[in-house]
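Given next are the chains, with one letter for each unit.
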Amino acid sequence: MSIEVLKDIFTIENILMMNVGMAAGTIIGAMPGLNVIFAIAILLPLTFGMDSLAGMYLMLASYCGATYGGSITAILINTPGTPNAAATTFDGYPLAQKGRAGDALKIALVGSTFGGIISCLALLFFAPKIAKIAYHIASPEYFALCLFGISCVVGMAEKNVFKGIIMAFLGMGVSTVGISLLDGTSRFTFGNSNLLAGFRQATVILGVFAISEVLMKLRNISKDDVTSINTNFEKSTLRTMDILKHWKVIITSSIIGVVIGAIPGTGGALSAMFSYDTARRMSKNPESFGTGVIEGVLAPETGNNAVTGATLIPLLTLGIPGDAAVAVLLGALTMQGITPGFALFTDGSTWVWAIMLGLVIINLLMLLQGRIFIRLFANVTKVPMVVLLPCIVIATVMGAFAIANTTFDIFVMIIFGVIGYALRRLDFPIPPFVIGLVLGSLAEVNLRRSMMLGGIGIFFTRPISLVIIIVSLLILCIPLFKKLKGSRKA
């Protein structure tokens, strides 16, 4: 059986599709505004008439590549290429500002690779068992997980907890614009048909990260007349073994990614945030996070890439896509005449095992290709600021327009860019806003569903949701108690 699987995997067509998908996904993921779904969807037509394995390898490689690619712009220009890479900006960008962009990119690459491989191994050995556990996660647990994710990012802003809470609620408020997913009610559209679908996450994220960053840099240029080099770039001297010394962070973040990814509807942004917060709490020097530390880049990148294999667990075992990107993969499977479910594991077919082992090879190819991309993209730090800033604006405008081919998104991006700039000047943290935006819709839907099922008491009668809610409240309260204690001493 194993020899047959290897024969199915190692064909010229399959290896070629893995490399093409990886390269395309990495480049698309590194473009602000173009997310993982876009990468898979744009390659989907190429699979028509293609062998099912080759077609799946093409899209799986683009899935993994785009997930990693989002970290490139997050590190270099403080703009996550995808929402999954939002947490990478916390330490990736400060590390690049120290002249260690090559090191930061290498850390992200190694973390992404090992997170993906561990996720593949979980898919290979534990898929049916994990799927059965995830199947019992209902609306109360989903809401509790969203609350936990938001509390983690708010808790990280220990000096500005109240501002963090305000920003999280602001992000959740923005996510409510448009037609309600439950009852079809139109909310906060003010008669504008462009707002019926709500604000697109990628457009808003481009504004509050990229445009606000450009405005901050312009202010520094006009104030200090800084028109030369962005950062003092130094060639990466960090060895892979130096990164692997933080193996506890890799293992912990991978486990978080696998668990989160196996729960349908969650995704890499939530996993990355959990992983970052866990690494910070495990660290002997948690106060150093946010200044450009290895663990601060390694944890979120390992966590969000550990989702890639785990999202296939509910897909292949139950026929339920783990996230929106995997839903596109489900469509591709249907076109190939393949029906996901437990039958794939019991009918004696080698196809499903070839997919799992092929995903391991895809992650190894990511490590090889990533070394080439690091050398290319790290040169961005050599570009003078007066040249780089217009290029960032052009790239973000193109990305905002490409999302839905409408100029309305460009105006939305600019407006949120100005708002983000004003909030940053007032020392309001941006990450809680982004996480509130990303998780807001999921939290709202599952809160309302839970209230319909059993009212507020349902959260306290289900053990898993109760534990998660208690931990979330503790995460929020601990910084507040510290602040009150410090003020009393003062």
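Computed from a predicted structure; not experimentally measured.

About the cut-offs
Each chain carries its own residue numbering, running from 1 in the direction its sequence is written. Residues qualify for local features only when their pLDDT is at least 70, as the model is predicted, and side-chain atom pairs are given and counted only at 80 or more; totals for whole chains, interfaces and linings, by contrast, use all residues. The basis for every side-chain value is the complete set of non-hydrogen atoms in the structure, without hydrogens or water. Segments assigned H or I by DSSP are reported as helices when at least four residues long, segments assigned E as strands when at least two residues long, and all are numbered from the N terminus. Here the term buried applies to any residue with accessible area under 20% of the maximum for its type, exposed to any over 50%, and partly exposed to those in between, with areas from a 1.4 Å probe on protein chains only. Contact between two residues is taken to exist if any of their heavy atoms lie within 4.5 Å; hydrogens are not considered. Surface accessibility in these figures is a Shrake-Rupley result with a 1.4 Å probe; residues are shielded only by whichever protein chains are displayed. The definition of a nonpolar core used throughout is a set of buried Ala, Val, Leu, Ile, Met, Phe, Trp, Tyr and Cys residues joined through side-chain atoms within 4.5 Å. Predictor confidence is given residue by residue as pLDDT, running from a minimum of 0 to a maximum of 100. Pairing of aromatic side chains requires ring centres within 6.5 Å, counting the rings of Phe and Tyr and the six-membered ring of Trp. Pairs whose planes differ by under 30 degrees are stacked, by over 60 edge-to-face, and all others tilted. A positively charged side chain is recorded as over a ring if its NZ (Lys) or CZ (Arg) lies within 6 Å of the ring centre. The angle to the ring normal must also be within 35 degrees. Salt bridge, as applied in this entry: a Lys or Arg side-chain nitrogen positioned within 4 Å of an Asp or Glu carboxyl oxygen. Here, expected helix span is obtained from the residue count minus one, scaled by 1.5 Å. We define a polar contact as two N or O atoms separated by no more than 3.5 Å, with the added condition that, inside protein, one atom must be a possible hydrogen donor and the other a possible acceptor, whereas residues neighbouring each other in sequence contribute only through side-chain atom pairs. Between the N-to-C directions of two axes lies an angle of 0 to 180 degrees, each axis being a line fitted to C-alpha atoms and, for a helix, fitted only over the stretch in contact. Crossing handedness: left-handed means the near helix sits turned counterclockwise from the far one by under a right angle, and right-handed means the same turn made clockwise. Each residue receives one of three labels: charged for Asp, Glu, Lys and Arg, nonpolar for Ala, Val, Leu, Ile, Met, Phe, Trp, Tyr, Cys and Pro, and polar for the others, Gly being one of them. In this description, the term disulfide denotes a pair of cysteine sulfurs within 2.5 Å. For patch detection, residues must exceed 30% relative accessible area and be free of salt bridges, and they are connected within 9 Å for like charges or within 5 Å for nonpolar side chains (Val, Leu, Ile, Met, Phe, Trp, Tyr). Comment on the angle field: the value is read as roughly parallel under 35 degrees, roughly antiparallel over 145, roughly perpendicular from 65 to 115, and oblique elsewhere.

A.B. asks: I'd like a rundown of the overall build of the chain, residues and numbers included.
C.D. replies: Secondary structure summary: the chain contains 22 helices and two strands in total. Per-residue burial over the chain gives 57% buried out of 490 residues. Put simply, of all contacts in the chain between residues at least 6 apart along the chain, 79% involve residues at least 24 apart. Accessible surface computed for the chain: about 20500 Å², of which carbon and sulfur atoms make up 69%.

A.B. asks: Got a sec to walk through the nonpolar core? Specific residues and values, please.
C.D. replies: One finds Leu312, Trp351, Ile362 and Val434 to be the most contacted residues of the largest nonpolar core, which totals 133 residues. Of the residues forming this core, the biggest block, 14 residues, is contributed by helix 4 (residues 52-77). Leave out the neighbours within four places in its chain, and Val434 touches Ala86, Ile205, Val208 and Phe209. Counting six residues, the second-largest nonpolar core is a separate cluster that includes Met17, Leu43, Met50 and Leu58.

A.B. asks: Give me the lowdown on the confidence of the model for the chain, citing residues and values where you can.
C.D. replies: Mean pLDDT over the chain stands at 81; residues scoring 70 or higher make up 85%. Mean pLDDT values over the elements of the chain span from 64, in helix 16 (residues 343-346), up to 91, in helix 19 (residues 408-425). In this model, residues 223-233 is a region of pLDDT below 50 whose contacts with residues beyond four sequence positions or in other chains number 27 contacts.

A.B. asks: Can you tell me about the packing of aromatic side chains, naming the residues and giving the values?
C.D. replies: In the structure shown here, the tally under the stated rule is six aromatic pairs. Taken together, a centroid distance of 5.2 Å and an interplanar angle of 50° make the contact between Phe143 and Phe459 tilted. Highlighted residues: Phe143 in helix 7 (residues 139-156) and Phe459 in helix 21 (residues 458-461), separated in sequence by 316 residues. Here Phe143 matches Phe459 in class, with each residue buried. The ring of Phe428 has Lys163 sitting right over it, with the charged end atom 5.0 Å from the ring centre.

A.B. asks: Describe the pattern of salt bridges, listing the residues and the values that go with them.
C.D. replies: Tallied over the full model, the rule gives 10 salt bridges. Of the charged contacts in the structure, one is a salt bridge between Asp409 and Arg200, with a shortest N-O distance of 3.0 Å. Residue Asp409 is located in helix 19, and its partner Arg200 is located in the loop between strand 2 (186-187) and helix 9 (201-224); the two are separated by 209 residues in the primary sequence. For Asp409, a relative accessible area of 2% puts it in the buried group. Notably, a salt bridge pairs Lys245 with Asp242, separated by 3.7 Å at the nearest N-O pair. Salt bridges sharing partners connect three or more residues here, namely Arg187, Glu444 and Arg448.

A.B. asks: Lay out helix 2 (residues 12-29) with the relevant residues and their values.
C.D. replies: Given a rise of 1.5 Å per residue, 18 residues ought to cover 26 Å, and the 26 Å separating the end C-alpha atoms of helix 2 matches this to within 8%. Asn14, Met17, Met18, Gly21, Met22, Ala24, Gly25, Thr26, Ile28 and Gly29 are the residues of helix 2 that are buried.

A.B. asks: Would you mind going over helix 13 (residues 294-310) in detail, with residue names and values included?
C.D. replies: Taking 1.5 Å per residue, 17 residues should reach 24 Å; helix 13 reaches 25 Å between its end C-alpha atoms and fits that length. Burial analysis of helix 13 places 17 of its 17 residues in the buried class, which makes it a mostly covered element.

A.B. asks: Give a description of the environment of Thr278 that names residues and reports values.
C.D. replies: Of note, Thr278 is situated in helix 12 (residues 268-282). C-alpha of Thr278 to C-alpha of Thr252: the two residues are 26 residues apart in sequence and 8.2 Å apart in space. Not counting the four nearest positions on each side in its chain, Thr278 is found in contact with Thr252 and Ile256. Within the structure, Thr278 has its side chain in polar contact with the backbone oxygen of Phe274 (distance 2.8 Å).

A.B. asks: Which residues make up the packing of helix 12 against helix 13, and what values go with them?
C.D. replies: Direction vectors running N to C along helix 12 and helix 13 enclose 145°, while the axes themselves pass 7 Å from each other. Along this stretch, helix 12 crosses helix 13, giving a crossing that reads as right-handed. Residue-level contacts link Gly268, Ser271, Ala272, Ser275, Tyr276 and Ala279 of helix 12 to Gly296, Ala299, Pro300, Gly303, Asn304 and Val307 of helix 13. When its residues are assigned to classes, the contact of helix 12 with helix 13 shows six nonpolar, six polar and no charged.

A.B. asks: Requested: an account of the state of the cysteines, with residues and values cited.
C.D. replies: One pass over the full model with this rule turns up zero disulfides. In this structure Cys120 is a free cysteine whose sulfur lies 6.5 Å from that of Cys64, the closest cysteine sulfur available.

A.B. asks: I'd like to hear about unusual backbone geometry, residue by residue, with values.
C.D. replies: What is expected of a backbone is that most residues other than glycine have negative phi and most peptide bonds are trans. With a phi angle near 55°, Phe190 is a residue other than glycine that sits in the positive phi range. Along the chain, Phe190 turns up in the loop between strand 2 and helix 9. Of note in this structure, Asp427 is not a glycine but carries a positive phi near 65°. Structurally, Asp427 can be placed in the loop between helix 19 and helix 20 (431-454).

A.B. asks: Any details on a nonpolar patch on the surface? Residues and values, ideally.
C.D. replies: Among the surface-exposed residues, Phe411, Ile414, Ile415, Val418 and Ile419 lie close enough to one another that they form a single nonpolar patch of about 460 Å² accessible area. With respect to the helices and strands, Phe411 occurs in helix 19.

A.B. asks: Give a detailed account of the side chain of Ser71, specifying residues and quantitative values.
C.D. replies: Its location among the elements puts Ser71 in helix 4. If sequence neighbours within four positions are ignored, Ser71 has contacts with Ala85, Thr88, Ala108 and Glu301.

A.B. asks: I'd like to hear about the packing of helix 2 against helix 3 (residues 36-43), residue by residue, with values.
C.D. replies: The contact between helix 2 and helix 3 brings their axes to 9 Å, and the two run at 140°. On the basis of the axis angle, helix 2 is oblique to helix 3. For the element pair helix 2 and helix 3, the recorded crossing hand is right-handed. Note on element contacts: helix 3 touches helix 2 through Phe38, Ala39, Ile42 and Leu43, opposite Gly21, Ala24, Gly25 and Ile28. Of the residues contributing to the contact of helix 2 with helix 3, the split by class is six nonpolar, two polar and no charged.

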